[in-house]
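A look at the structure
Each chain, written out:
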Amino acid sequence: MANKERDSFGSRFGVLVALAGSAIGLGNLWRFPYLVGNNGGAAFIIMYVIFVIFLCLPIMVSEFVIGRRTQANVFGGIRRIAPKSAWPIIGILSVAAVIFIMAFYFVVGGWTIEYILKSFSASFLASDNTALASFFGEFISSPVAPAIMMLVFLGLTALIVVAGIKDGIEKYSKIMMPGLFLLIIILCVRSLTLPGASEGVKFLFSPDFSKLRPDSILAALGQAFFSLSLGMGCMITYGSYIAKKENLIHMSFITAGADTLFAILAGIAIMPAVFAFGMPPAQGPGLVFIILPQIFAQMPLGNIFSIAFFVILFVAAITSAISMLEVVVAYFMEELKMSRRTAVIVTCVIVAILGSLSSLSQGTLKDYTLFGKSIFDIFDYTTSNIMLPVGGLFIVLFVGWKMKRSDVLDELTSGGTIPFKRNILDVTMFCIKFLAPVAISFVLLNSIGLIKFF
Ligand code: PFF
């Protein structure tokens, strides 16, 4: 099934940084810390890690298997395995989910650019706490400035994706990802050495299960999917560019491990500082854009740390954004026979329109709501809490029950060239066939209220 002209990753390191680049993003730095803050700290982290190991790893392996086996985009790949069936609908749902995610993700990506620029001006961090909080509110609700920043972010993402897999995505990930880890470690050291930091460490690492609410479970599951870029074809698409000799189970462990490590590093960079300055941890989405600038304003060399933090946020966001764009671009190129350039332009137009709507929904369009949620929040909530878990569920069902077991094993062992212990493959197949589908179904049914377990 190999396609000779198809672009692919050039080296193992290149694949790993691209995969980690997709996984590590705003999900780790912007969403994870505020979800931890709102859902009782360490108890949430423990539940999150359990979901990553038992539910997300099997899904990631499954996505890689589909992608690499078929060397095609999310829709085309599933159709090659199950032609003339309803299964390829998963591909359409995936492309839709990724477009909806881009509709809010690129808006936040634009905010990161604004905050990098602001961090260079001495007067910004000289403002008091109230002024910094109202700056965020005024900026995101104004009609033009955040939309322009979103377009700048989109343009930069498009420039990388248009260059292709090896010369674009891989090349830039190799430069950006090591820098990202270095910078976050510097911020962790700064945060941990602040007087009073230990309260924040305690908050992150000593669990209080009484603080978990029933909806924390769905939040943890949705966050795990979101953070690992699962359930919307991203790992199928990247998997299709991975060389046949690579070990897909190892790659899944490394990607999930790097992503979880980075989420915890982000928590360590943020929470001890939040506690050291007596700020509230449960601040919701404004945590990194309001509370952190307030902290930087009181810190010696605050501007430098502020620039470092928002550069981290931007780099993490753009390496994820390229993976989202690639899902849709690969689909347009292979299914609608567009050139890479045209596919990138068409995708950008769609994202620009939806992104502008979700940006405007923070201000001008804020009265247009559904179930009390703004357009921005609808894109965010429905993708992570519904579309991704449902997408992931269908993917494991597809690989576990529709694909031939011998084909799955052939792909996992790279045609029998990787000697796995029998029980590793058995456990992997058990998780894909039974554990992941059953557990995800329970969480989903519970959260939509069809059954009540907790
Ligand atoms: N994993 C990314 C993050 O944590 O920010 C988000 C993401 C990337 C979602 C790629 C979806 C996707 F296709």
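Residues numbered from 1 in each chain as written. Predicted model: local features only at pLDDT ≥ 70, side-chain atom pairs only at ≥ 80, totals over all residues. Heavy atoms only, no water.

Per the stated rule, a full pass over the model turns up 0 disulfides. Looking at the unpaired Cys 56, the closest cysteine sulfur is the one in Cys 431, lying at 12 Å. (Disulfide = S-S within 2.5 Å.)

Tracing the backbone shows Ile 24 in the loop between helix 1 (12–23) and helix 2 (26–38). Note: C-alpha distance between Ile 24 and Ala 258 (234 residues apart in sequence) is 8.0 Å. The residues touching Ile 24, leaving out its near neighbours within four places in the chain, are Met 177, Leu 180, Phe 181, Ala 258, Asp 259, Phe 262, Ala 316, Thr 319 and Ser 320. (Helix = DSSP H or I, 4+ residues; strand = E, 2+ residues; numbered from the N terminus. Contact = heavy atoms within 4.5 Å.)

Moving on, we come to the site of the ligand. Taken together, the neighbourhood of the ligand is formed by 17 residues, with Ala 23, Gly 27, Tyr 105, Phe 226 and Ser 227 sitting nearest. With respect to the ligand, the backbone of Gly 27 contributes an N or O atom lying 2.8 Å from an oxygen atom. Take Asn 28: an N or O atom from its side chain is 3.4 Å from an oxygen atom of the ligand. For the ligand, the accessible surface in isolation is 340 Å², of which the surrounding protein chains cover 100%. Broken down by secondary-structure element, the contributors of at least two residues to the shell around the ligand are helix 1, helix 2, helix 5 (89–119), helix 11 (214–227) and helix 15 (302–335). (Near = heavy atom within 4 Å. Polar contact = N/O pair within 3.5 Å; in protein donor to acceptor, adjacent residues only side chain to side chain. Areas by Shrake-Rupley, 256 points an atom, 1.4 Å probe, with all protein chains shown as cover.)

The next subject is a nonpolar patch on the surface. A grouping of Ile 46, Ile 50, Ile 53, Phe 54 and Phe 209 is seen on the molecular surface, where their side chains present a nonpolar patch of about 450 Å² in accessible area. By secondary structure assignment, the location of Ile 50 is in helix 3 (residues 42–70). Overall, the relative accessible area of 42% leaves Ile 50 in the partly exposed class. (Patch = residues over 30% accessible without salt bridge, like charges linked within 9 Å, V, L, I, M, F, W, Y side chains within 5 Å. Salt bridge = Lys/Arg side-chain N within 4 Å of Asp/Glu carboxyl O. Buried < 20%, exposed > 50% of the residue type's maximum accessible area, 1.4 Å probe, protein only.)

On to the packing of aromatic side chains. Evaluated as defined, the whole model comprises 31 aromatic pairs. Seen from their ring centres, Phe 181 and Phe 262 are 5.2 Å apart, and the 85° between their planes marks the pair as edge-to-face. Of this pair, Phe 181 sits in helix 9 (residues 165–192) while Phe 262 is found in helix 13 (residues 248–276), placing the two residues 81 residues apart along the sequence. For Arg 31, the ring lying beneath its charged end belongs to Phe 226, and the centroid distance is 4.7 Å. Over the ring of Tyr 381 we find Lys 373, and its NZ or CZ is 4.5 Å from the ring centre. (Phe/Tyr/Trp six-rings, centres within 6.5 Å; stacked < 30°, edge-to-face > 60°. Lys NZ or Arg CZ within 6 Å of the ring centre and 35° of its normal.)

Turning next to unusual backbone geometry. A positive phi angle is found at Gln 71, which is not glycine, with a value near 50°. One can find Gln 71 in the loop between helix 3 and helix 4 (74–81). Judged by its relative accessible area of 13%, Gln 71 is buried. We note that Phe 371 has phi near 50°; this positive angle belongs to a residue other than glycine. Secondary-structure assignment places Phe 371 in the loop between helix 16 (340–360) and helix 17 (375–402). According to the relative accessible area criterion, Phe 371 is exposed, its value standing at 80%.

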